[in-house]
Amino acid sequence: MTTSADIRSGAHGAHGAPGVRRQRVSLVCGAAAMAGFLFGYDSAVVNGAITAIQRHFHAGTAAIGLTVSAALLGAAAGAWTGGALADRLGRLRVMQIAAVLFVISAVGSLFPFALWDLALWRVLGGIAIGIASVIAPTYITEIAPPARRGRYGSFQQLAIVLGICCSQLVDYALTCAAGGDTTGGLGGLPAWRWMLGICAVPALAYLVLTLRIPESPRWLAARGRVAEAAAVLARLEGGEQAVDRIEDIRASLRRSAATRPRLRDLCGGCFGLLPVVWLGIGLSVLSQFVGINVIVYYASVLWQSTGISQSDSLLISLSTSVTNIVGTLIAVALVDRVGRKPLIVAGSVGMTVSLAAVAWAFSGGSGSGGHLALPALQGQVALVAAHAFVLCFAFSWGAVLWVLLGELFPNRLRALALAVAVLFQWLANWAVTVSFPLMAQWNLTASYIVYAAFAALSVPFAVRFLKETRGRRLEELEESVGESGEPWRAPRQRPGNS
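All values reported here derive from a predicted model rather than from experimental measurement. Throughout this document, residue positions are counted from 1 along each chain, in the order its sequence is written. Local features are withheld for residues below a pLDDT of 70 in this predicted model, meaning they are given only at 70 or higher, and side-chain atom pairs are given and counted only at 80 or more; totals for whole chains, interfaces and linings count all residues. As a rule here, side-chain values come from all non-hydrogen atoms in the structure, and water together with hydrogens is ignored.

**Student:** What's the story with the overall build of the protein in this structure? I'm lost.
**Tutor:** For the purposes of this entry, the term helix denotes a DSSP run of H or I that reaches at least four residues, the term strand denotes a run of E that reaches at least two, and both are numbered from the N terminus. When helices and strands are counted, the protein shows 21 helices and 4 strands. Counting over 498 residues, the protein shows a buried share of 61%. Only heavy atoms enter the contact rule, under which two residues are in contact if any of them lie within 4.5 Å. The long-range fraction of contacts in the protein, counting pairs at least 24 apart against all pairs at least 6 apart in sequence, stands at 80%. Carbon and sulfur atoms provide 66% of the accessible area of the protein, an area that totals close to 18400 Å². The rule is simple: take the accessible area with a 1.4 Å probe, protein chains only, and divide by the maximum for that residue type; under 20% is buried, over 50% is exposed, in between is partly exposed. Accessible surface area values rest on a Shrake-Rupley calculation with a 1.4 Å probe, where residue burial reflects the displayed protein chains alone.

**Student:** Teacher, can you tell me more about empty space enclosed by the protein here?
**Tutor:** Space left empty within the atom packing is revealed by a probe, the size of a water molecule, rolled over the atoms. Grid spacing is 1 Å over the protein atoms alone, the probe is 1.4 Å, and a cavity is where that probe fits but cannot get out, while a pocket is an open set with protein on both sides within 12 Å along at least five of seven lines and lining residues have an atom within 4 Å of a point. Grid points are joined across faces, edges and corners, and a volume is the space filled by probe spheres set on the points. Inspection of the entire model under this criterion finds 4 cavities of 30 Å³ or more. If you trace the largest cavity, you find 21 residues lining it, with Phe39, Gln157, Ile160, Gln288 and Asn293 closest to the centre. Listed by contribution, the elements that provide at least two residues to the lining of the largest cavity are α3 (34–44), α9 (155–177), α15 (275–289), α16 (292–305), α19 (376–408) and α20 (414–465). Under the scheme applied, nonpolar residues are Ala, Val, Leu, Ile, Met, Phe, Trp, Tyr, Cys and Pro; charged residues are Asp, Glu, Lys and Arg; polar residues are all the others, including Gly. The residue makeup of the lining of the largest cavity, split by class, is 11 nonpolar, 10 polar and no charged.

**Student:** Can you help me understand the environment of Leu334 in this one?
**Tutor:** With respect to the element layout, Leu334 can be found in helix α17 (residues 310–334). Residue Leu334 is classed as partly exposed on the basis of its relative accessible area of 29%. Those residues in contact with Leu334, other than ones at most four positions away along the chain, are Gly339 and Leu343.

**Student:** Can you walk me through the nonpolar core in this structure?
**Tutor:** In summary, soluble globular proteins display a tendency toward joint burial of nonpolar side chains. What we call a nonpolar core is a set of buried Ala, Val, Leu, Ile, Met, Phe, Trp, Tyr and Cys residues that are connected through their side-chain atoms within 4.5 Å. Of all hydrophobic cores here, the largest spans 144 residues; its most connected members are Ile53, Tyr139, Leu283, Trp426 and Tyr448. At 22 residues, α20 tops the list of elements feeding residues into this core. Non-local contacts of Tyr139, meaning those with residues more than four positions away in its chain, are made with Val28, Ala32, Arg91, Leu92, Met95, Ile213, Pro214, Glu215 and Ser216. Counting residues in each nonpolar core, the second largest holds 5 residues, with Leu158, Val161, Cys165 and Ile325 among its members.

**Student:** Explanation requested: the packing of aromatic side chains in the structure shown.
**Tutor:** The geometry of two aromatic rings is summed up by the distance between their centres and the angle between their planes. Aromatic pairs are defined between Phe, Tyr and Trp rings, using the six-membered ring for Trp, whenever the two ring centres lie within 6.5 Å; interplanar angles under 30 degrees are classed as stacked, those over 60 as edge-to-face, and all others as tilted. Going through the model one piece at a time under the given rule, you end up with 9 aromatic pairs. With a centroid separation of 4.9 Å and 55 degrees between ring planes, the pair formed by Phe289 and Phe454 is classed as tilted. Of this pair, Phe289 sits in helix α15 while Phe454 sits in helix α20; the two residues are 165 residues apart in sequence, bridging distant segments of the chain. On the basis of relative accessibility, which here comes to 24%, the residue Phe289 falls in the partly exposed class. For Phe454, a relative accessible area of 27% puts it in the partly exposed group. Ring centres of Tyr448 and Tyr451 lie 5.7 Å apart, and the angle between their planes is 90 degrees; on these two criteria the pair is classed as edge-to-face. Within this pair, Tyr448 and its partner Tyr451 are both found in helix α20, separated by 3 residues, close to a single helical turn. An aromatic cluster of three or more residues is present, and its members are Phe39, Trp402 and Trp426.

**Student:** Hey, could you run me through helix α11 (residues 200–210) in this one?
**Tutor:** Turn by turn, an α-helix covers 3.6 residues, leaving residues three or four places apart pointing in a common direction. Restricting attention to buried positions, one finds in α11 the residues Ala200, Pro202, Ala203, Tyr206 and Thr210. End-on view of α11: buried residues confined to an arc of 165 degrees, all on one side of the axis. In this description, one arc is meant: the one made by directions from the helix axis to the C-beta atoms.

**Student:** I would appreciate a short explanation of the side chain of Asp117 in the present structure.
**Tutor:** Turning to its location among the elements, Asp117 is positioned in helix α7 (residues 115–143). Residues scored as positive are Lys and Arg, those scored as negative are Asp and Glu, and His as well as the terminal groups of each chain are ignored. Throughout this description, the term salt bridge denotes a Lys or Arg side-chain nitrogen within 4 Å of a carboxyl oxygen of Asp or Glu. Although Asp117 is buried, it forms no salt bridge, and the closest oppositely charged side chain is Arg193 at an N-O distance of 7.1 Å. A polar contact of 3.0 Å, which involves the side chain of Asp117, links it to the side chain of Trp121. Not counting the four nearest positions on each side in its chain, Asp117 is found in contact with Phe111 and Pro112. Two N or O atoms form a polar contact when they lie within 3.5 Å of each other; inside protein one atom must be a possible hydrogen donor and the other a possible acceptor, and for residues adjacent in sequence the pair counts only when both atoms belong to side chains.

**Student:** Would you mind going over helix α13 (residues 226–237) with me for this structure?
**Tutor:** Taking 1.5 Å as the rise per residue, α13 with 12 residues should run 16 Å; its terminal C-alpha atoms sit 16 Å apart, in good agreement. Burial in α13 covers these residues: Val226, Ala229, Ala230, Val232, Leu233, Ala234, Leu236 and Glu237. Following α13 by one or two positions, Gly238 adopts a phi angle in the positive range, close to 110 degrees. The span expected for a helix works out to 1.5 Å for each residue beyond the first.

**Student:** It is not clear to me how the pattern of salt bridges should be interpreted in this structure. Could you clarify?
**Tutor:** For side chains bearing opposite charge, pairing can occur when the charged atoms are close. Applying the stated criterion to the full structure yields 6 salt bridges. With a closest N to O distance of 3.0 Å, Glu228 and Arg225 form a salt bridge. With relative accessibility at 40%, the residue Glu228 sits in the partly exposed group. Here Asp336 and Arg340 are joined by a salt bridge, their closest N and O atoms 2.9 Å apart. We classify Asp336 as buried; its relative accessible area is 16%.

**Student:** Is there a simple way to explain the confidence of the model for the protein in this structure?
**Tutor:** Close reading of the predicted structure is inappropriate where its pLDDT is low. For the protein, the mean per-residue pLDDT works out to 80, and 80% of the residues sit at or above 70. Each residue carries a pLDDT value, the predictor's own confidence for that position, ranging from 0 to 100. Ignoring residues within four places in sequence, the model shows residues 488–498, a span with pLDDT below 50, making 19 contacts including any to other chains.

**Student:** Looking at this model, I keep getting lost on the packing of α7 against α20. Mind explaining?
**Tutor:** When two helices pack together, their arrangement is given by the angle between the helix axes and by the axis-to-axis distance. Each axis is a line fitted through C-alpha atoms, taken for helices only over the stretch in contact, and angles between the N-to-C directions span 0 to 180 degrees. Two elements in contact, α7 and α20, have axes whose closest approach is 10 Å; the angle formed by their N-to-C orientations is 140 degrees. By the angle between their axes, α7 is oblique relative to α20. Of the two possible hands of crossing, α7 and α20 adopt the one that is right-handed. Within the contact between the two elements, α7 uses Ile129, Gly130, Ser133, Val134, Pro137, Thr138, Thr141 and Glu142 and α20 uses Arg414, Ala415, Leu418, Ala419, Val422 and Trp426. Working definition: roughly parallel below 35 degrees, roughly antiparallel above 145 degrees, roughly perpendicular at 65 to 115 degrees, and oblique for all remaining angles. A clockwise turn of the near helix away from the far one marks a right-handed crossing, whereas an anticlockwise turn of less than a right angle marks a left-handed crossing.

**Student:** Where do I start with the environment of Phe465 in this structure?
**Tutor:** One can find Phe465 in helix α20. Taking the relative accessible area as the measure of exposure, Phe465 reaches 41% and is therefore partly exposed. Along the chain, Phe465 and Val276 lie 189 residues apart, while their C-alpha atoms are 9.9 Å from each other.

**Student:** Which parts of the structure should I look at to understand the packing of α19 against α20?
**Tutor:** Between α19 and α20, the least distance of the axes is 10 Å, while the angle of their chain directions is 155 degrees. Our classification of the angle between α19 and α20 gives roughly antiparallel. Crossing hand, α19 versus α20: right-handed. The residues of α20 that touch α19, namely those facing Trp397, Leu401, Trp402, Leu405 and Gly406, are Arg414, Leu418, Ala421, Val422, Gln425 and Ser458. Residue composition of the contact of α19 with α20, grouped by class: 7 nonpolar, 3 polar and 1 charged.

Quick look at the structure:
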């Protein structure tokens, strides 16, 4: 049995000024968030290759939609298994598995011989994306100090949007190098193949980084390796804080009987699941039904349909990615100052207005499907409103969602419950992605009206169900959720807590 003396012994010898320790935490969380970079890169890189893939394999609209969305089905499977694997094998080991899968998928996507073959490699990459989307917020939430947990949790989304931006830079550079056409040759292969294959490089970098960061202290404590957990926290936060945090973690584990979490532990309450699990699912689904991934996956094709050239459409897609980064940096700066709920509500209102403006702009176009002509005013409104939508999403649901998903769930159930919420997020993502090409051919304006309606719905949802989590320790949040899973009851005050 581990005693307090053992804990203090593990925490003994912590060194470094507070600034140095903060730098260590930033580097560790940044390394873990590299999973988000791969998530963003692999998800968005196909944006620039869609037209070339369709030409090369002579694919129809439905077939190309299924191929693009194949990664999302894999991501749903990866999210479903990622939580259980993380609880069984540890957070770091699962990160390494995801990195290897990213490498294999990238190499396979470089040499597809048929459309179905490419879809299978994208499914494998999707499994890696799904695992990464669960493990990164879980790990960062468990290792970050409470006062800065929102900022570090936002690293996940920042890494995602940087990955998206980097993929679009690569797409644009390769297209220009190939003479302005993604089917043009580079080194004996068409440019679109290189777009998909280059993901192996950051995947290998991610694998190396996972060999240099510590295991989650909460996972170590749950496995009885309390002295190791204290040593990790001491190095990142300081010795005395480590002792206090470990005591809180041990108390949390005692309350939950320290048993390995199982799916049935999420059951109970409303419609078979704990209310806090339903809240995570609702947040995840709404974040996708506003249509953000239409911009990520189909922006290039969408702008080409309005008469913009292929290379210029890629440049516009790049500008939306830069806007995404700016919005995410706003969230990083404000999430621990303003709080989670105000950012979510403000973003929902902004998304509703901007999506309504996009719908109005496309209503003035003539033609349909891939041949849409917009008057000058409507074209300008569509561009500005699309960028405004991305900005509003980025500083709210884009970044803050990952922070909330990391904070919502009790310690013992975090990885498993987060996996369930992210599973629904990927299923919703798949539904939006696979349906958009057909919806756009039917009525592009109506498509954006649907997305605007879900953005409007997210306002009362956030106002009614979200509670503020800023600055509260995970163990305190767990106590306020309690066995009922109701998010959240009034917190129990503890001496010395503010």
